[in-house]
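Descriptive analysis of the structure
What follows is each chain in one-letter form.
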Amino acid sequence: MCITCTHTIHRARHHFGWNRDFEPAIVAKSGETILFECLDSSGGQIGRDATLETLTALDFARINPVTGPVYVEGAEPGDALKITLRAFHPSGAGWTAIIPGFGLLADQFKDPALHVWSYDSGTMAPAAFGSKGRVPLKPFAGTIGVALAEPGLHSVVPPRRVGGNLDIRDLSTGVTLYLPIEVEGALLSIGDTHAAQGDGEVCGTAIESRMDVEATVELMKDARLPAPRFTTPGPVTRHLDGAGYEVTTGIGPDLMTAAREAVMRMVDLLAAEHGLDPNDAYMLCSVCADLRISEIVDLPNWVVSFYFPRIVFD
């Protein structure tokens, strides 16, 4: 419950994809705070008792629901929407999966796999990954976006210049996100909440977890913003930095190939040093390890590094 919120949008008011003609769930004024009750990215299909059979029976038409949309009074094309993420209220349960055909190493991990998480939503202590490790948590919203100017229904899967499925780990409590507005009223929706994720979300899923989000919306008139941008209130990796990192690299003339090689080498390293099954190592990389472009100027080869936090195994 949010005592400072002007509006609440309940979980039932969700939709799939983006469409400028969707009926608003609420009408809000600039400066008001809204509580978004968000579903997880499976739309509630994967719960605490889920099994591999649950994953293989997943209805992909119900994937990545977003709560909303919010019509913001006075919003016009050319303006920007300032969204301040006030708080997250996690559910205490989540899941991570390898979904065939999806993820950075989809050609190598062809079989489905599922890990169901349980965590303390009060203390937000690191979540156990079996007996092998504990993952520090950092709730955030994977999908935040407004409607596109182009008519019709647009998939929620790819990110766009108006936001959407950004999957930026740092869109967490205290962050201010700015989105370009293309339609009257903006039509803001939020969903795809995560309890933790590494930069890159390499297997295609994070700790997917239902939670509620408090957000304040403000208009910036005639901002002419070309793409999303955001401001963080402080450090963004403090929850992971305490014990240092193991780092693998990929080096070559293609950034995607280098990124894949860096992740492959980390999966091999975790399997060798910690006895992890490769599926588990891949999923663990997705929820807590960070891909970084370390060098992109020394022709003809670039360097991509993959940072895995050692605190997971402390």
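You'll find the structure just up there.
A brief look at the structure comes next. (Residues numbered from 1 in each chain as written. Predicted model: local features only at pLDDT ≥ 70, side-chain atom pairs only at ≥ 80, totals over all residues. Heavy atoms only, no water.)

If you walk across this open sheet you meet the 3 strands as 18-20-19, and the pairing is antiparallel. For this open sheet the edge positions go to strand 18 (245-252) and strand 19 (290-295), each flanked by a neighbour on one side alone. The mean inter-strand angle of the sheet, taken between neighbouring strand axes irrespective of direction, is 25°. In this sheet, strand 20 (residues 302-309) lies alongside strand 19 in antiparallel orientation, the contact comprising 5 bridges. If you follow Arg-292 over to strand 20, its bridge partner there is Ser-305. Across the sheet, helix 3 (residues 255-274) is in contact with strand 18, strand 19 and strand 20; its angle to strand 18 comes to roughly 145°. Sheet strands in contact with helix 4 (residues 278-288) are strand 19 and strand 20, and its direction is about 95° off that of strand 20. (Pairing = 2+ DSSP bridges. Helix = DSSP H or I, 4+ residues; strand = E, 2+ residues; numbered from the N terminus. Axes fitted to C-alpha atoms, helices over the stretch in contact; angles between N-to-C directions. Contact = heavy atoms within 4.5 Å.)

A few words now on the nonpolar core. By size, the foremost hydrophobic cluster in this structure holds 71 residues, and its most contacted members are Phe-36, Leu-81, Ile-144, Leu-188, Leu-284 and Phe-308. A total of 7 residues in this core trace back to one element, the largest contributor, which is helix 4. Among all residues touching Phe-36, those that are not within four sequence positions of it are Ile-9, Thr-67, Val-70, Leu-188, Ile-190, Met-211, Asp-212, Val-213 and Ala-215. Judged by nonpolar contacts, the second largest core, of 7 residues, contains Ala-50, Leu-58, Trp-95 and Ile-99. (Core = buried A, V, L, I, M, F, W, Y, C linked by side-chain atoms within 4.5 Å. Buried < 20%, exposed > 50% of the residue type's maximum accessible area, 1.4 Å probe, protein only.)

Spatial strand order, 1-4-16-6-14-17: 6 strands in an open sheet with mixed pairing. The open sheet has two edge strands, strand 1 (7-9) and strand 17 (229-231), and neither has a second partner. Averaged over all adjacent pairs, the angle separating strand axes in this sheet is 25°, with direction ignored. Strand direction decides the pairing type here: strand 6 (residues 80-90) and strand 14 (residues 176-180), joined by 5 bridges, are antiparallel. Across the sheet, residue Ala-80 finds its bridge partner in strand 14, namely Pro-180.

Bringing the packing of helix 3 against helix 4 into the picture now. Geometry of a packed helix pair, given as the angle between the helix axes and the separation of the axes. Contact pair helix 3 / helix 4: the axes reach a minimum separation of 9 Å and the direction vectors enclose 120°. Relative to helix 4, the element helix 3 lies oblique. Handedness of the crossing formed by helix 3 with helix 4: right-handed. From helix 3, Met-266, Val-267 and Leu-270 reach across to helix 4, where they touch Pro-278, Ala-281, Tyr-282 and Cys-285. Taken together, the residues that form the contact of helix 3 with helix 4 break down as 7 nonpolar, no polar and no charged. (Parallel < 35°, antiparallel > 145°, perpendicular 65-115°, else oblique. Left-handed = near helix turned anticlockwise from the far one by under 90°. Nonpolar A, V, L, I, M, F, W, Y, C, P; charged D, E, K, R; others polar.)

The full count for this structure, using the stated rule, is 1 disulfide. Residue pairing for Cys-2: its cysteine sulfur links by disulfide to Cys-5, the two sulfurs lying 2.1 Å apart. Judged by the torsion about the S-S bond (85°), the Cys-2/Cys-5 disulfide is right-handed. On the basis of relative accessibility, which here comes to 10%, the residue Cys-2 falls in the buried class. Cys-5 provides the cysteine sulfur closest to Cys-38, a residue in no disulfide bond, and the two sulfurs are 12 Å apart. For Cys-285, which is in no disulfide, the shortest distance to another cysteine sulfur is to Cys-288 and amounts to 6.9 Å. (Disulfide = S-S within 2.5 Å.)

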